[in-house]
Amino acid sequence: MEIMPNESQYSNINWSESELAALTKEKLWLENQLLLAKDDSMSFGINLKDSLVQVQFKGVPLIQAKINYIRPANFLSKANAHFYTTLFAKPFQVLDEQVNFAKKPIKRMKVIAGADAVALTKESVKEKLFYWEFVTDNKLRIVLYGNNSIQDSIAEAPSFTKERLKFELKRKSDNPKNQNYHPTLFLWINDKEAKAIYRSLPKYPKIIFLN
């Protein structure tokens, strides 16, 4: 009989002991990777502790990308043992998503009257920065943005207030009647890496989390 991790075995841990709390979170992260090792599909890992997101298969990270910005910076850092383990004692899953990027590459063609269709080059098509918003089955909302870099290594800082306002306005206009609260995490990673990660994942992937 398969034994699933049970949040109750962790919820009585003294979470005020920061070292003990950190070790428990690491243990949950590793246990969840072992659980995902039994799946035959890619999954997504969000590691706020090391500022990384990753795609993993059979528990082995295949793609990793640095998180350039996290908002709020202390996301769920004050959660008590019961709340944290209720959310993250096992892998959770994307339920609903909005994204501005196709899973499969789309070849854009330019049609000129009286001539054959011509494939557009990258130079002639300005791609939007990546945007992926999803709600999970443990009632979290995660918004992942692609952001450009300057001087190869320094990430260009987004306007956090502007992006947050745009997000709130969009959410209210999309569904004004359903304003259920979900703890929301905003992440920014390199645009090209964000797109590569999204394309490598299945639709509605499973997720593991560490902070």
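Structural data are supplied above this passage.
Residues numbered from 1 in each chain as written. Predicted model: local features only at pLDDT ≥ 70, side-chain atom pairs only at ≥ 80, totals over all residues. Heavy atoms only, no water.

What follows deals with the sheet that holds strand β8 (residues 141-147). Pairing is mixed around the closed barrel formed by 8 strands, whose spatial order is β1-β2-β3-β11-β8-β7-β4-β12. In this sheet, neighbouring strand axes are inclined to one another by 35° on average, regardless of whether the strands run parallel or antiparallel. Pairing of strand β1 (residues 43-47) with strand β12 (residues 206-210) involves 4 bridges; the strand directions are parallel. Paired with asparagine 47 across the strands is leucine 210, a residue of β12. Across the sheet, helix α4 (residues 191-200) lies against β1, β2 (52-57), β3 (60-71), β4 (92-99), β7 (131-136), β8 and β11 (184-190), angled at about 110° from β11, the strand it touches most. (Pairing = 2+ DSSP bridges. Helix = DSSP H or I, 4+ residues; strand = E, 2+ residues; numbered from the N terminus. Axes fitted to C-alpha atoms, helices over the stretch in contact; angles between N-to-C directions. Contact = heavy atoms within 4.5 Å.)

So, on to the environment of glutamate 193. Within the secondary structure layout, glutamate 193 lies in helix α4. Classification of glutamate 193 by relative accessible area gives partly exposed; the value is 34%. Spatially, the C-alpha atoms of glutamate 193 and glutamine 64 are 8.5 Å apart, while their sequence positions differ by 129 residues. The residues touching glutamate 193, leaving out its near neighbours within four places in the chain, are Ala65 and Lys66. (Buried < 20%, exposed > 50% of the residue type's maximum accessible area, 1.4 Å probe, protein only.)

Along helix α2 (residues 81-88), the positions that sit buried rather than exposed are Ala81, Tyr84, Thr85, Leu87 and Phe88. Seen along its axis, α2 keeps its buried residues to an arc of 160°; they face one direction. Contacts made by the buried residues of α2 are with α1 (18-36), β4 and β12. Between a side-chain oxygen at the N-terminus of α2 and the backbone nitrogen of histidine 82 the separation is 3.2 Å; the capping residue is asparagine 80. (Arc of directions from axis to C-beta. Polar contact = N/O pair within 3.5 Å; in protein donor to acceptor, adjacent residues only side chain to side chain.)

Moving on: the side chain of glutamate 133. Note on placement: glutamate 133 falls in strand β7. The exposure class of glutamate 133 is buried, given its relative accessible area of 8%. A polar contact of 2.7 Å, which involves the side chain of glutamate 133, links it to the side chain of tyrosine 131.

So, about the packing of aromatic side chains. The full count for this structure, using the stated rule, is 15 aromatic pairs. A ring pair is formed by phenylalanine 44 and tryptophan 132, whose centres lie 5.8 Å apart and whose planes are at 40°; its orientation type is tilted. With phenylalanine 44 in strand β1 and tryptophan 132 in strand β7, the pair connects residues that are 88 residues apart, well separated along the chain. Take phenylalanine 44: its relative accessible area is 0%, and that puts it in the buried class. Judged by relative accessible area, tryptophan 132 falls into the buried class, the value being 2%. A network of ring pairs unites the aromatic residues Trp15, Phe75, Tyr84, Phe88, Phe92 and Phe209 as a single cluster. In this arrangement the basic side chain of lysine 25 is found over the ring face of tyrosine 84, its NZ or CZ atom lying 4.8 Å from the centre. Taking NZ or CZ as reference, lysine 103 lies 3.9 Å from the ring centre of tyrosine 198, over its face. (Phe/Tyr/Trp six-rings, centres within 6.5 Å; stacked < 30°, edge-to-face > 60°. Lys NZ or Arg CZ within 6 Å of the ring centre and 35° of its normal.)

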